[in-house]
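Examining the three-dimensional arrangement
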Amino acid sequence: MDDAIPDDIDDTAEPDPLGRLTLDRLRRRTSVKWRRYAEDVLPLWVAEMDVPLAEPVARALTEAVAAGDTGYAYGTGYAEALAAFAQERWGFDLAVERTLLVPDVMLGAVELLKRVTGPGDAVVVNSPVYRPFYAFATHLGRRVVEAPLGTGWRLDPERLAEVFREVTAGGGRAALLLCSPHNPTGTVHTAEELTAVAALADRYGVRVIADEIHAPLTARGVRFTPYLSVPGAGTGFSLMSASKAWNLAGAKAALAVAGPEAGHELAAVPEEVGHGVSHLGVLAHTAAFREGGAWLDAVRGGLDRNRLLLGRLLAERLPEVRYRPAEGTYLAWLDCRALGLGDDPAAVFLDRGRVALSSGPEFGTGGAGHARLNLATSPELLTEAVHRMAAAL
Ligand SMILES: Cc1ncc(COP(=O)(O)O)c(C=O)c1O
């Protein structure tokens, strides 16, 4: 936790959104988190949050519905709201003229990969990592090459250099799909680490696409560094969205941002990509970045408490599980190898404990014996989940 900024969370203005919904109300939701598994399963898997919508977001959507403002998306309001947020929170000068509305982060990643790589070229990922990185790159006809995270789930520059050398040896193009902050480990890469990545990318001619969807969700005292803010990142891209931090996966919209030397490539993305952008999504995301700061801080305060609570619960009930509170995201990466449950402990917790976590092996190399738990729920449900996990043994 370099660059400590200890008092950056003011979570006094709003009640903690994580404690506000009962299990009964959550079970009435129709999204995948609450519907994939049977009624007796407690779901702490996919990255949805158990929160009511932030009031400014709900208001923006309600007003649009009341006005019948449900046409096509237009304009730079979302980018301007994000730029103001980036300036206030991270001191980052985001260039609105080098942004593009995209339907969501993963489709944005696909469009950028199309610009900077060709069929059969390598897409480097830092495993264990968000599973769709593999699926989307493969579906696009790219070859996924792993450069696993190193000690303490941090980026490993030596490994990255080796892989960059390998994948560019034949003269082919290559990209790094960087998860920053990192899903599933919650690692928040430091400015020094990102600067090292930019230098390596420059040396080997690898193009960096930084998925920064979890950026607003840092823990107290942890600073998020936008990839495009580090020296040498000018040919890179970032993908940003309010989707994770304000629970807006169902109101799709995201922004691709190009570094100063990559603006022409972003401008070359065909117009039809914008046809997939939801106008209601844009309105919701804009309101989140523009007016959702107090709500975000209340969530961040609640997540800080949940990270500590999870540590205490595991120490009491499942002391063999290795867990370290993450620097960001609402994900907890649990090393369950000492429990002797095999490669996929989540399967055992589901089967015998009736609690759904995400399976470690799905995140690629480094995921075996691990499970990912979604902390964005009430302290009561988090407690119940750990009791169920312990009962499964
Ligand atoms: C790292 C990461 N990228 C992308 C996504 C998906 O974002 P979108 O729905 O905007 O494609 C998620 C969702 O959990 C994620 O964790």
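Residues numbered from 1 in each chain as written. Predicted model: local features only at pLDDT ≥ 70, side-chain atom pairs only at ≥ 80, totals over all residues. Heavy atoms only, no water.

1. Details of the overall build of the protein
Just so we agree on the cut-off: The numbering of helices and of strands both runs from the N terminus, where a helix is a DSSP run of H or I of at least 4 residues and a strand a run of E of at least 2. Any pair of residues with heavy atoms lying within 4.5 Å of one another is described as a contacting pair. Accessible surface area values rest on a Shrake-Rupley calculation with a 1.4 Å probe, where residue burial reflects the displayed protein chains alone.
What the protein contains, in helices and strands, is 13 helices and 12 strands. The principal-axis extent of the C-alpha atoms belonging to the protein is close to 55 × 55 × 40 Å. Restricting the contact set of the protein to residue pairs at least 6 apart, pairs at least 24 apart contribute 75%. With an accessible surface of roughly 15,900 Å², the protein has 51% of that area assigned to carbon and sulfur atoms.

2. As for the sheet that holds strand β5 (residues 174-179)
Note the following rule: A pair of strands counts as paired when DSSP detects no fewer than two bridges linking them. Lines are fitted to the C-alpha atoms to define the axes, a helix being fitted only along its stretch in contact, and any angle between axes, read from their N-to-C directions, falls within 0 to 180 degrees.
The mixed open sheet is built from seven strands, whose spatial order is β2-β8-β7-β6-β5-β3-β4. Edge positions in the open sheet fall to β2 (99-102) and β4 (143-146), since each of these has one partner strand only. Going from strand to strand, the sheet's axes swing by 25° on average, the running direction of each strand aside. As judged from the four bridges shared by β2 and strand β8 (residues 254-258), these two strands associate in the antiparallel manner. Bridge assignment links T99 to a residue of β8, and that residue is V257. Seen against the sheet, helix α7 (residues 157-168) touches β3 (122-125), β4 and β5 and runs at an angle of roughly 170° to β3.

3. Quick word on the domain arrangement of the protein
Accessible area lost on assembly of the parts is the figure often given for the size of an interface. Inclusion rule: Start and end positions for the domains come from either an automated domain assignment or a database one. Buried area is calculated as the accessible area (1.4 Å probe) missing from two parts once they are joined, with the contributions of both summed. Each salt bridge in this description consists of a side-chain nitrogen of Lys or Arg and a carboxyl oxygen of Asp or Glu lying within 4 Å of one another. Whenever a nitrogen or oxygen atom comes within 3.5 Å of another N or O atom, the pair is scored as a polar contact, on the condition that within protein one atom can donate a hydrogen and the other can accept it, and that pairs from neighbouring residues in sequence are kept only if both atoms are in side chains.
The domain architecture assigned to the protein consists of domain 1 (17-54 + 293-391) and domain 2 (70-291). Listed per partner, the contact involves 33 residues of domain 1 and 35 residues of domain 2. For the pair domain 1 and domain 2, the two sides together bury roughly 2,700 Å², of which 53% comes from carbon and sulfur. Counting the surface domain 1 buries against domain 2, the share from its top three residues, L296, E327 and F363, is 23%. One salt bridge in this structure joins R89 and D297, with 2.9 Å as the shortest N-O distance. Here domain 1 and domain 2 share 18 residue pairs in polar contact (both at pLDDT 80 or more) between them. Listed by contribution, the elements that provide at least two residues to the side of domain 1 that touches domain 2 are α11 (293-317), β9 (331-335) and β12 (370-374). Counting residues per element, the side of domain 1 that touches domain 2 draws most heavily on α11, which supplies 10 residues.

4. Concerning the site of the ligand
Rule in force here: Consider each residue's heavy atoms; a residue with any of them within 4 Å of a molecule or strand counts as near. Any residue outside Ala, Val, Leu, Ile, Met, Phe, Trp, Tyr, Cys, Pro, Asp, Glu, Lys and Arg is labelled polar, Gly included; the first ten of those are nonpolar and the last four are charged.
Contacts to the ligand come from A47, D104, V105, M106, Y130, C179, N183, D211, I213, H214, K244 and K252. Contact with the protein chains covers 93% of the free accessible surface of the ligand, which is 400 Å². Here the shell around the ligand is built from residues that sort into six nonpolar, two polar and four charged.

5. Structural notes on the environment of A249
Put simply, the rule is: The buried label goes to any residue with under 20% of its type's maximum accessible area, the exposed label to any with over 50%, and the partly exposed label to all in between, with areas taken from a 1.4 Å probe on protein chains only.
Relative to the assigned elements, A249 resides in the loop between β7 (237-240) and β8. Its relative accessible area of 34% is what places A249 among the partly exposed residues. Ignoring anything within four residues of it in the chain, the contact list for A249 reads S243 and K244.

6. A word on the environment of A262
Examined against the element boundaries, A262 turns out to sit in the loop between β8 and α9 (263-267). Taking the C-alpha atoms as reference, A262 lies 9.8 Å from R207; in sequence the two are 55 residues apart.

7. Some remarks on the pairing of strand β6 (residues 207-211)
Formally: Here the term right-handed applies to a crossover when the path leading from its first strand over the helix to its second strand runs clockwise, the strands being oriented away from the viewer.
Counted residue by residue, β6 has five buried out of five residues, so it is predominantly covered. Of the two faces of β6, the one holding R207, I209 and D211 and the one holding V208 and A210 are both buried throughout. Sheet topology note: the β5/β6 ladder contains five bridges and is parallel. For L176, the partnering residue across the bridge sits in β6 and is V208. In terms of handedness, the path from β5 via helix α8 (residues 191-204) over to β6 forms a crossover that is right-handed. In the sheet, β6 pairs with β7 via three bridges, with the strands oriented parallel. Within β7, the residue paired with D211 across the bridge is L239.

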